[in-house]
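A structural walkthrough
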Amino acid sequence: MKKVVKFGGSSLADAGQFKKVGEIIRADASRVYVVPSAPGKRFDGDTKVTDLLYSLYHQAAAGEDFSGVMGTIRRRYEEIIEGLELTDFTLEPQFREIEQHMKEDPQPDYAASRGEFLNAHIMARYLGYTFVDAAEVIFFDDDGNLEARKTKKAMAARLADIPRAVVPGFYGMGHDGRIRTFSRGGSDITGSIVAGAVRADVYENWTDVSGFMVADPRIINNPVNIETITYRELRELSYMGASVLHEDAIFPVRGEGIPINIRNTNRPEDDGTWIVESTCQKSGYVITGIAGKKGFCTVLIYKALMNSEVGFGRRVLQAFEDNGISFEHMPSGIDTMTVVVHEDEFIHKEQKVVSAIHRYVQPDVVEIESDLALIAVVGRGMKSMRGTAGRIFSALAHAKVNVRMIDQGSSELNIIIGVANEDFETAIRAIYDIFVVTQL
Ligand code: ASP
């Protein structure tokens, strides 16, 4: 049994948290590869080390004195080292090198990556594991995209002879020999890469919540946890705003069929959420989760007999593509087509898009409506259950929510519902109540 364990910033925010992590790792001998984030917030209003490092970069790039921020960062690490009583250990050489680098050639990705780099050095020492620099095993192309194959090969080869290692999260190396980072929260991806490369049995992702919740806790008070979710369901939910894991973190393990287990460092006794390829375990609530976002617009195109015009849809979408706008959904009728887009992306280009639609398809009417919220009700169990849609819509009707759009793909993994922005929270509560609260 081989496990890869990733710990987020709040799990490593100070020495106390580090000790909890140490206990978790030592409690299970199969936790052999560890991916740490940079120290996160210790309390509300605190600053993450990664954010301090970005400030450091801005000051250095502007030619300002950055010794103040540097001192704050240094103290964060020194406190951890002291709290762990690593008496003969110091990060002084690393700090000197960072200072030098920031004076000579300040780069934002390099600066940000040092949070994980330094934390991984402490972690390796604390656990007695080998430090493996991510810059030697994770590669990016010139556009900043992960070179997945090359990375997997290098990572697998490197770790083959190292039974226990710490690999810092969040960064790797570009073609030009400079450090590159993933987008924020990217240590989740590093963990997944390591797990995929060593063919781990499990990728444990330790954070400060006990997994995914059925609905957003800012809308639903104390929502129930999701025990098991498939990769595909998770994609749907995270696209719609459920954030616990970086969106791209599932790809490296998905291809290997490795499950991800989201766990809580502050409550290690909780089982957390299992993210799996496929499962015969059913959710107790028919649905797996509800998520949503506000701020969409609909563009309705009406033209008599559009259904018999070959290429009509393509030409309409061309008008959006020409203006660099991606669309979210596209429900249609006999003589109508509706294109749902992000309001903030669309608003500045709306007239250009409308005139392009006129040029390409000569519609009878084009109508734009704004302030639409989309809600995704996701669940692998829906396709084998009669009445799911019926329950959703009667719950919404009871809550006096007007449904403005419905979209259900033939995969039947989710039902997308469009409501007015102002009805968003009410709608989510109504759906949660009918599927979860009534079953408790
Ligand atoms: N430390 C980085 C961030 O704050 C990366 C991570 O934590 O995954 O985004």
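Everything below is about the structure printed above this text.
Here's what I pulled together on the structure shown here.

Criteria and cut-off values
- Note on numbering: residues in each chain are counted from 1, in written sequence order.
- A pLDDT threshold of at least 70 governs which residues receive local features in this predicted model, and a stricter bar of 80 or more applies before side-chain atom pairs are shown or counted, although totals over entire chains, interfaces and linings include all residues.
- Excluded from the side-chain calculation are hydrogens and water; included are all heavy atoms of the structure.
- For helices, the fitted line uses only the C-alpha atoms of the stretch in contact; every axis is such a line through C-alpha atoms, and the angle between N-to-C directions lies from 0 to 180 degrees.
- Secondary structure follows DSSP: runs of H or I at least 4 residues long count as helices, runs of E at least 2 residues long count as strands, and numbering of each begins at the N terminus.
- For classification purposes, an angle smaller than 35 degrees is called roughly parallel, one larger than 145 roughly antiparallel, one from 65 to 115 roughly perpendicular, and anything else oblique.
- Left-handed describes a crossing in which the near helix is turned anticlockwise from the far one by less than a right angle; the clockwise case is right-handed.
- Residue contacts are counted whenever heavy atoms from the two residues lie within 4.5 Å of one another.
- Under this grouping Gly is polar, as are all residues other than the nonpolar Ala, Val, Leu, Ile, Met, Phe, Trp, Tyr, Cys and Pro and the charged Asp, Glu, Lys and Arg.
- Only a single heavy atom is needed: when it lies within 4 Å of a molecule or strand, its residue is near that molecule or strand.
- Between N or O atoms, a polar contact is any pair within 3.5 Å; within protein, one atom must be a potential hydrogen donor and the other a potential acceptor, and residues adjacent in sequence are included only when both atoms are from side chains.
- Accessible surface area values rest on a Shrake-Rupley calculation with a 1.4 Å probe, where residue burial reflects the displayed protein chains alone.
- Two strands pair under a simple rule: DSSP has to find at least two bridges between them.
- Stacked, edge-to-face and tilted labels apply to pairs of Phe, Tyr and Trp rings (six-membered ring for Trp) whose centres lie within 6.5 Å, assigned for plane angles under 30 degrees, over 60, and everything in between, in that order.
- To sit over a ring, a charge needs its Lys NZ or Arg CZ within 6 Å of the ring centre and within 35 degrees of the ring normal.
- Throughout this description, buried means an accessible area under 20% of the type-specific maximum (1.4 Å probe, protein chains only), exposed means over 50%, and partly exposed covers the range between.
- An arc is given here, and it is the one of the directions from the helix axis to the C-beta atoms.
- For the purpose of charge, His is not counted, nor are the chain termini; Lys and Arg are scored as positive and Asp and Glu as negative.
- Salt bridge criterion: a side-chain nitrogen from Lys or Arg within 4 Å of a carboxyl oxygen from Asp or Glu.

What to know about the packing of helix H2 (residues 49–61) against helix H3 (residues 67–83)
Taken N-terminus to C-terminus, the directions of H2 and H3 make an angle of 155°; their axes are 9 Å apart at the nearest point. In terms of orientation, H2 lies roughly antiparallel with respect to H3. Between H2 and H3 lies a crossing whose hand is left-handed. In contact with Val 49, Leu 52, Leu 53, Ser 55, Leu 56 and Gln 59 of H2, H3 contributes Val 69, Met 70, Thr 72, Ile 73, Arg 76 and Tyr 77. For the contact of H2 with H3, the residue count by class is 8 nonpolar, 3 polar and 1 charged.

Some remarks on the site of the ligand
Near the ligand, the surroundings consist of Ser 37, Lys 48, Thr 50, Glu 116, Phe 170, Arg 184, Gly 185, Gly 186 and Ser 187. Thr 50 places a side-chain nitrogen or oxygen 2.7 Å from a nitrogen atom of the ligand. Surface burial for the ligand is 95%, taken as the share of its 260 Å² of free accessible area covered by protein chains. In terms of residue class, the shell around the ligand is built from 1 nonpolar, 5 polar and 3 charged.

Topic: the sheet that holds strand E16 (residues 414–420)
An order of E12-E13-E11-E14-E16-E15 is seen for the 6 strands of this open sheet, with the pairing classed as antiparallel. Of all strands in the sheet, those with a lone pairing partner are strand E12 (327–329) and strand E15 (403–408), marking the two edges. In this sheet, adjacent strand axes meet at a mean angle of 40° when their direction is disregarded. Relative to E16, E15 runs antiparallel, the two being bridged by 5 bridges. Its bridge partner being in E16, Gln 408 is matched across the sheet by Ile 415. Running at roughly 70° to strand E11 (residues 289–302), helix H8 (residues 231–239) makes contact with E11, E12, strand E13 (336–342), strand E14 (365–378) and E16 of the sheet. The strands touched by helix H12 (residues 350–361) within the sheet are E11 and E14, with E14 carrying the most contacts at an inclination of about 110°.

With respect to the packing of aromatic side chains
Under the counting rule described, the total for this entry stands at 6 aromatic pairs. In this arrangement the basic side chain of Arg 114 is found over the ring face of Tyr 171, its NZ or CZ atom lying 5.3 Å from the centre. One residue, Lys 293, lies across the ring of Tyr 239, its end atom 4.8 Å from the ring centre.

Quick notes on helix H13 (residues 388–398)
Among all positions of H13, only Thr 388, Ile 392, Ala 395 and Leu 396 are buried. Looking straight down H13, one finds that the buried residues subtend no more than 100° of arc, so they occupy a single side. What points out from H13, more than 90 degrees from its buried face, is the exposed set Ala 397 and His 398. Elements in contact with the buried residues of H13: E14, E15, E16 and helix H14 (424–435). Positive backbone phi, at 60°, marks Lys 400, one or two positions downstream of H13.

Comments concerning the sheet that holds strand E4 (residues 165–166)
Reading across the sheet, the 8 strands line up as E3-E4-E2-E1-E7-E9-E10-E8 and stay open at both edges, with mixed pairing between neighbours. Looking at which strands have only one partner, the edges of the open sheet turn out to be strand E3 (130–131) and strand E8 (228–230). Sheet topology places strand E1 (residues 3–7) next to strand E2 (residues 31–36); 5 bridges connect them, and they run parallel. From the neighbouring strand, Val 5 faces E2, where its bridge partner is Val 34.

Looking at the side chain of Asp 407
Its location among the elements puts Asp 407 in strand E15. Of the side chains bearing the opposite charge, Arg 232 lies closest to the buried Asp 407, which forms no salt bridge; the N-O distance is 13 Å. A distance of 3.1 Å separates a polar atom in the side chain of Asp 407 from a polar atom in the side chain of His 329. For Asp 407, the residues in contact, after removing those within four places along its chain, are His 329, Met 330, Asn 414, Ile 415 and Ile 416.

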